[in-house]
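Letter by letter, the chains look like this.
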Amino acid sequence: MTNWTAIDETVKQWIQEAGALIRDSFYHSLSIQSKSNPNDLVTNMDKETERFFISNIRTYYPDHFIIGEEGQGDFVQTLDGVVWIIDPIDGTMNFVHQQRNFAISIGIYENGIGRLGYIYDVVNDELYYARKGEGAWMNDVPLKKLKPVPVEESIVGISSTWLVNNRHFDQNKLIALAKKVRGTRSYGSAALELAYVASGRLSAYITMRNAPWDFAGGKIIVEEAGGVVSRLDGTELNMLKINPVFACAPGLHGQILEEYLK
Ligand code: 2AM
Ligand code: CA
Ligand code: CA
Ligand code: CA
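Residues numbered from 1 in each chain as written. Chains lettered and ligands numbered in written order. Predicted model: local features only at pLDDT ≥ 70, side-chain atom pairs only at ≥ 80, totals over all residues. Heavy atoms only, no water.

**Description of the overall build of the chain**
No. 1: Along the backbone of the chain there are seven helices and 14 strands.
No. 2: Taken over the C-alpha trace, the chain has a radius of gyration of 18 Å; the compact-globule value for 262 residues is 18 Å, and the two agree within 12%.
No. 3: If you line up the chain on its principal axes, its C-alpha atoms span 50 × 45 × 35 Å.
No. 4: Across the 262 residues in the chain, those meeting the buried criterion constitute 53%.
No. 5: Taking the intrachain contacts of the chain between residues at least 6 apart in sequence as the baseline, contacts between residues at least 24 apart amount to 60%.
No. 6: Approximately 12,100 Å² of the chain is accessible, and the part contributed by carbon and sulfur atoms is 48%.
No. 7: In the chain, the 25 positive side-chain charges and the 32 negative ones have mean positions that sit 6 Å from each other. (Helix = DSSP H or I, 4+ residues; strand = E, 2+ residues; numbered from the N terminus. Rg over C-alpha atoms; globule rule 2.2 N^0.38 Å. Buried < 20%, exposed > 50% of the residue type's maximum accessible area, 1.4 Å probe, protein only. Contact = heavy atoms within 4.5 Å. Areas by Shrake-Rupley, 256 points an atom, 1.4 Å probe, with all protein chains shown as cover. Lys, Arg positive; Asp, Glu negative; His and termini not counted. Charge placed at Lys NZ, Arg CZ, Asp CG, Glu CD.)

Quick look at the structure:
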């Protein structure tokens, strides 16, 4: 039997340590590189933070598997066993340019079922987390169960990328939604936007392209808060692939799906 309570306490300690290292890095020069294109950034801190978690997991949980954005984990092709899905810094562009609006994101899955989820807003020292079947918290305060929100009173996290002509989704449907809602926001960190849906700061978050490490932690937290996380057609996310993601308050999820996304 996996002792999830012990893992939960250990992960929280590691997250605090990693967060302190990232905050310290603000006082040292950063090494910044591009990955797939000039705007796709990675820094020494992304890689070092990923290595920090991986070396701890390998020491304490050698039979667990690891998927990490920066590729230092395992080559995982199934969700069999215990799989840690880690984004060491989600919102790297914000980390580099703004020194805020980024997060550490971790989801721990057992045979495909999300057990523990963490999103740590390093600068604001806000740790959102959830344990499957037990609920979701921000620091030690339980998150209120999400309630349905009228679409006219909703605040939706969506990047302008999806409101201009793009090859992933009909932008006219999203423009119609953007016109109807109370407001739109874009924070540039998928993990934080999911944390905001879980905590009710956003009513919904919509994106066409999230990798598993972007949503692995957030999916568990949003669901434990009473929200719904799916693809844009309402189907389940694939935890091993890039997905469009629609995370939302209950009730509103079905309404936006029917009236704006289908
Ligand atoms: P990152 O900072 O960890 O790369 C930015 O709008 C959000 O999208 C961030 O959560 C960012 O994560 C993520 N992101 C950036 N490039 C991406 C890509 N090519 N595929 C999927 N997600 C990406
Ligand atoms: Ca990245
Ligand atoms: Ca990410
Ligand atoms: Ca990242």
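Following the structure, the description resumes.
**Re the UniProt feature "binding site: Mg(2+) 1" (unreviewed entry) in the chain**
No. 1: The sites that UniProt annotates as "binding site: Mg(2+) 1" (unreviewed entry) are Glu69, Asp87, Ile89 and Asp214. Considering the C-alpha atoms alone, the annotated residues occupy 146 residues of sequence yet fold into one spot, their largest mutual distance being 9.6 Å.
No. 2: With respect to the element layout, Asp87 can be found in strand E4 (residues 82-90).
No. 3: By secondary structure assignment, the location of Ile89 is in strand E4.
No. 4: Setting aside chain neighbours within four positions, we find Ile89 in contact with Ile22, Met45, Asp46, Glu69, Phe95, Phe102 and Ala103. (UniProt positions renumbered as here; feature names shortened; annotations may be inferred.)

**Section: the coordination of the calcium ion (ligand 4)**
No. 1: Donor atoms from the polypeptide that bind the calcium ion (ligand 4) are Glu69 (OE), Asp87 (OD) and Ile89 (O), placed at 2.1 to 2.3 Å.
No. 2: Sequence positions of the donors to the calcium ion (ligand 4) reduce to the motif E-x17-D-x1-I.
No. 3: A separation of 3.9 Å is found between the calcium ion (ligand 4) and the calcium ion (ligand 2), which share Glu69 as a coordinating residue. Here Asp87 lies in strand E4 and Glu69 lies in the loop between strand E3 (65-68) and E4, a separation of 18 residues in the sequence.
No. 4: Its relative accessible area of 0% is what places Asp87 among the buried residues. (Donors = N, O, S within 2.8 Å, 3.2 Å for Na, K, Ca; no water.)

**Description of the packing of aromatic side chains**
No. 1: Under the definition given, this model contains eleven aromatic pairs.
No. 2: Ring centres of Trp14 and Tyr60 lie 5.9 Å apart, and the angle between their planes is 50 degrees; this geometry places the pair in the tilted category. Placement of the pair is Trp14 in helix H1 (residues 4-25) and Tyr60 in helix H2 (residues 44-60), with a sequence separation of 46 residues.
No. 3: By relative accessible area, which is 4% here, Trp14 ends up buried.
No. 4: Judged by relative accessible area, which is 54%, Tyr60 ranks as exposed.
No. 5: Members of the aromatic cluster, connected to one another through ring pairs, are Trp14, Tyr60, Tyr61 and Trp84. (Phe/Tyr/Trp six-rings, centres within 6.5 Å; stacked < 30°, edge-to-face > 60°.)

**A closer look at the side chain of Thr43**
No. 1: One can find Thr43 in strand E2 (residues 41-43).
No. 2: When neighbours within four sequence positions are excluded, Thr43 is seen to be in contact with Leu30, Ser31, Ile32, Thr92, Phe95 and Val96.

**Observations concerning the UniProt feature "binding site: Mg(2+) 2" (unreviewed entry) in the chain**
No. 1: According to UniProt, the positions carrying the feature "binding site: Mg(2+) 2" (unreviewed entry) are Asp90.
No. 2: Structurally, Asp90 is set in strand E4.
No. 3: Since its relative accessible area comes to 5%, Asp90 is described here as buried.
No. 4: In this structure, Asp90 is in contact with Asn101, Phe102, Ala103, Ser189, Ala190, Ala191, Leu192 and Asp214, ignoring residues within four places of it in sequence.

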